[in-house]
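# Remarks on the overall topology
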Amino acid sequence: MFTKIYNFLRYFIPNKLKSNKVFKYFTNILGIVIFISIMTFWGINKINLKKLEILENKVLNNITNTTYLNQYIYNKWHRCDYSSFSNIEKCMKIKVPLNWNDKNSKKIGIYVKKYGNPKPKRIVVLLSGGPGGVGSSYTDLAKDLYHNDKDQLFLIPDHRGSGFSENLWCERDKRVLSIQDIDNKKFEACFKDLKDKWKNDLQYFNSWQAGMDIHAILEMYPNIPVSIYASSYGTIWAQRVLSKKNKNIQKVYLESPILLGHGNFYDRNVEDPIKVFYDSCKESPYCSEKMNLNSFDDLKILFKNVQNHEHCSHHFPNELREIISKKSIWLLQYNYTAPLFAFLISSIKSCDEHQIKNIFKYKNEINITEIGNYKYSSYLHYNIFCNEITNRKLTKNDKYLYSKNSSNHFGFVDNSVEKCSAVPEYEIEKSNFSFLKESSYKTLIVHGEADTSTTREFALALKTKFLEENTKFISIKKLAHIPFAFRINYDEFFEDKYHEAEKCRFHILSDFFKDTNDWPDLTCTENIYPPIYSSDNALKLYEKIFNNI
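Below: a short report on this structure. (Residues numbered from 1 in each chain as written. Predicted model: local features only at pLDDT ≥ 70, side-chain atom pairs only at ≥ 80, totals over all residues. Heavy atoms only, no water.)

### Details of the overall build of the chain
- Counting secondary structure elements, the chain contains 18 helices and eight strands.
- In the chain, which comprises 549 residues, the share counted as buried stands at 54%.
- Of all intrachain contacts in the chain linking residues separated by at least 6 positions in sequence, the fraction that spans at least 24 positions is 76%.
- Summed over its atoms, the accessible surface of the chain is roughly 25900 Å², and 51% of this surface lies on carbon and sulfur atoms. (Helix = DSSP H or I, 4+ residues; strand = E, 2+ residues; numbered from the N terminus. Buried < 20%, exposed > 50% of the residue type's maximum accessible area, 1.4 Å probe, protein only. Contact = heavy atoms within 4.5 Å. Areas by Shrake-Rupley, 256 points an atom, 1.4 Å probe, with all protein chains shown as cover.)

This is the structure:
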């Protein structure tokens, strides 16, 4: 029985179909139709991609205003590195005018990476901080967000003067250092070299020109909705981009913002965020034990007495006192370095010179890891910092004190004033903020309560510049500069609670950048992980690390 059924299916039916002319022609025609459909779809797709490529090249050639460039090196998307063959990750170095007010000026290279859909429905521009931060540090964030929504394309530029863009680098400076820890004499000599090379053109490595660079890049993607993500100095960069009134920009996310043209970095209030650290540390048994202070006033007095030579008068050399006065506040800048501040307090109280040096050495090593991997230019940093963020009226005669604000209560001084004396001064292009009120951007502003760099006053001042009904402000409890960022790999003591901030940021950004007018659910911000110094395990590991340096 089974043999008959098998022979019927195996031989009889196929032979009958072969002898049927209608079926024979039908299958042939069906095959041709399927083939034509496939080729048509493939061809249309190739044509659309070619149209986009032609548009990009047209825009780029208009930007560069020159015909003698090697088009293979500049103005052409290519692999980001030799090991990458991904179609969704491409890089390009484009030539732009050094001075956008004179398009016949010399050209410099601006490096930009794109990651995501080659035919996007939405564009997201990721602007790094610094000044001088490098876009490559945001590649992982772009990948995570893209794989959650594959209709997006992320543009990740390197600021002019840093990274793989035209880089302000110094041949004398062979080391990879953090922005706070460059030797002042070498810094001054390097800036002299840069002034000899660039003359007055150093003034064009500024936020306004960098904003024009981004505006030009966005012209390659007309009629596509754009969102902007920016953190720290990147928020000034973003304000420069917004000033071009690109109608495609619909959403703006600003984390740890600075108000453009405010120029009062030395007048900022740091007492409130330091008090946040103090209160949080007191809640953690091991942190409180290390700090061992009875009141917040005791903390102020301790640092003030170090500066006045009244504490450890026979133990601390002047060089060490200067380091403590200049660099202590920077330990509190980020969530991942704030734990060191608790150990610093303990070491100062016990007059432990060796451990104090190890704490700052470990801080330097963290910065080398964070900054050194991405060709961060400290010279670009100070070129902008000294002209656009600080008050240039301060001089060496001010003894570098934050004399007008709460920092002076701690005896803190700032090393950057000394560096700014070596940086050429230039006029800042003015921006009228009235256009922000006229725009309909949905704007989300995020601030960390323990942020000693870009304080709550900065964030609230910027909030008032945007249209109130389209703006939301979030203050993250107990966390510092760029509060959602965790940054360092803490596998050895990582606890589940530390995942919550990254999860929260991912959730907020994923929803915010979607094609919807709804605000993201922000309730996750109310239950973010506490600072690292709330974990006894984390503090003990830190202590073990820098004690073994």
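Anyway, onward from the coordinates.
### Notes on helix 10 (residues 318–331)
- Between its terminal C-alpha atoms helix 10 stretches 20 Å, which fits the 20 Å expected from 14 residues at 1.5 Å a residue.
- Residue S325 marks the point of greatest curvature in helix 10, where the axis turns by about 35 degrees.
- Of all the residues in helix 10, the buried ones are L320, R321, I324, S325, K326, S328, I329, W330 and L331. (Expected span 1.5 Å × (residues − 1). Bend = angle between axes of the 7 residues up to and from the residue.)

### Looking at the sheet that holds strand 2 (residues 107–116)
- Strand order in the open sheet made by the eight strands is 1-2-4-3-5-6-7-8, with mixed pairing throughout. The open sheet is flanked by strand 1 (89–97) and strand 8 (471–476), the only strands paired with a single partner. Mean inter-strand twist for the sheet, computed between neighbouring axes without regard to direction, equals 20 degrees.
- As judged from the nine bridges shared by strand 1 and strand 2, these two strands associate in the antiparallel manner. The residue of strand 2 that forms the bridge with P97 is K107.
- Strand contacts of helix 6 (residues 234–242): strand 3 (122–127), strand 4 (152–157), strand 5 (226–231) and strand 6 (249–255), with the helix running at about 150 degrees to strand 5, the strand carrying the most contacts. (Pairing = 2+ DSSP bridges. Axes fitted to C-alpha atoms, helices over the stretch in contact; angles between N-to-C directions.)

### Overview of the packing of helix 7 (residues 271–283) against helix 9 (residues 296–307)
- Packing of helix 7 against helix 9 brings their axes to within 10 Å, and their N-to-C directions diverge by 115 degrees. Taken together, the axes of helix 7 and helix 9 lie roughly perpendicular to each other. With respect to the hand of their crossing, helix 7 and helix 9 are arranged in right-handed fashion. Across the interface between the two elements, E271, I274, K275 and Y278 from helix 7 touch F296, L299 and K300 from helix 9.
- Among the residues making up the contact of helix 7 with helix 9, the classes are represented as four nonpolar, no polar and three charged. (Parallel < 35°, antiparallel > 145°, perpendicular 65-115°, else oblique. Left-handed = near helix turned anticlockwise from the far one by under 90°. Nonpolar A, V, L, I, M, F, W, Y, C, P; charged D, E, K, R; others polar.)

### Things to note about the nonpolar core
- Membership of the largest hydrophobic core comes to 68 residues, with the highest contact counts inside it found for I123, V125, L127, I228 and L242.
- The residues touching V125, leaving out its near neighbours within four places in the chain, are L155, I214, L218, V226, S227, I228 and Y229.
- The next biggest cluster of nonpolar side chains, apart from the first, holds 46 residues, and it includes A338, F410, F412 and Y533. (Core = buried A, V, L, I, M, F, W, Y, C linked by side-chain atoms within 4.5 Å.)

### Focus on the pairing of strand 5
- The element strand 5 is largely enclosed, with a buried count of six among its six residues.
- Neither face of strand 5 is exposed, since V226, I228 and A230 on one face and S227, Y229 and S231 on the opposite face are all buried.
- Remark: the strand 5/helix 6/strand 6 crossover connection has right-handed handedness. (Right-handed = clockwise from strand over helix to strand, strands pointing away.)

### Thoughts on the pattern of salt bridges
- Scanning the model with the defined rule gives 14 salt bridges in all.
- For K300, the salt bridge identified is with D297, shortest N-O distance 3.8 Å. Residue K300 and its partner D297 are both found in helix 9; the two are separated by three residues, about one turn of the helix.
- Overall, K300 belongs to the buried group, its relative accessible area being 15%.
- A network of salt bridges, in which partner residues are shared, links E271, D297 and K300. (Salt bridge = Lys/Arg side-chain N within 4 Å of Asp/Glu carboxyl O.)

### Some remarks on the state of the cysteines
- In the structure shown here, the tally under the stated rule is six disulfides.
- A sulfur-sulfur distance of 1.9 Å marks the disulfide that ties C281 to C287. Across the S-S bond linking C281 and C287, the dihedral sits near -105 degrees, which makes this disulfide left-handed.
- Assigning the bonded cysteines of the chain consecutive numbers by sequence position, one obtains the connectivity 1-2, 3-4, 5-6, 7-8, 9-10, 11-12. (Disulfide = S-S within 2.5 Å.)

### A look at the environment of S377
- The topology assignment puts S377 in the loop between helix 12 (353–372) and helix 13 (378–389).
- S377 sits in the buried class, given a relative accessible area of 2%.
- Distance in space between the C-alpha atoms of S377 and L168 is 6.1 Å, their sequence separation being 209 residues.
- Among all residues touching S377, those that are not within four sequence positions of it are G132, G161, S162, N167 and L168.
- Separated by 2.6 Å, the side chain of S377 and the backbone oxygen of L168 make a polar contact. (Polar contact = N/O pair within 3.5 Å; in protein donor to acceptor, adjacent residues only side chain to side chain.)

### Focus on the pairing of strand 7 (residues 442–448)
- Most of strand 7 is tucked away, with seven of its seven residues classed as buried.
- Sheet topology places strand 6 next to strand 7; five bridges connect them, and they run parallel. Note on strand 7: the bridge partner recorded for E255 is V446.
- Pairing between strand 7 and strand 8: six bridges, direction parallel. By the bridge assignment, L444 is partnered in strand 8 with K472.
- Note on the crossover from strand 7 through helix 16 (residues 456–463) to strand 8: the handedness is right-handed.

### Thoughts on the environment of L141
- Within the secondary structure layout, L141 lies in helix 3 (residues 139–148).
- On a C-alpha basis, the gap between L141 and L126 in space is 9.3 Å, while along the polypeptide they are 15 residues apart.
- If we skip the residues at most four places from it in the chain, L141 touches Y229, R505 and L509.

### Structural notes on the packing of aromatic side chains
- Following the criterion strictly, the structure yields 15 aromatic pairs and no others.
- When the ring of Y111 is compared with that of F164, the centres are 5.2 Å apart and the planes differ by 45 degrees; the resulting orientation is tilted. With Y111 in strand 2 and F164 in the loop between strand 4 and helix 4 (184–198), this pair connects stretches of sequence that are 53 residues apart.
- According to the relative accessible area criterion, Y111 is buried, its value standing at 12%.
- Residue F164 is classed as partly exposed on the basis of its relative accessible area of 39%.
- Ring geometry for W198 and F205: centres 5.0 Å apart, planes at 80 degrees, overall edge-to-face. Each member of the pair W198 and F205 is classed as buried.
- An aromatic cluster is built from F187, F191, Y379, Y382 and F385, whose rings are joined through pairwise contacts. (Phe/Tyr/Trp six-rings, centres within 6.5 Å; stacked < 30°, edge-to-face > 60°.)

Purely spatial values, then, with no claim about function.
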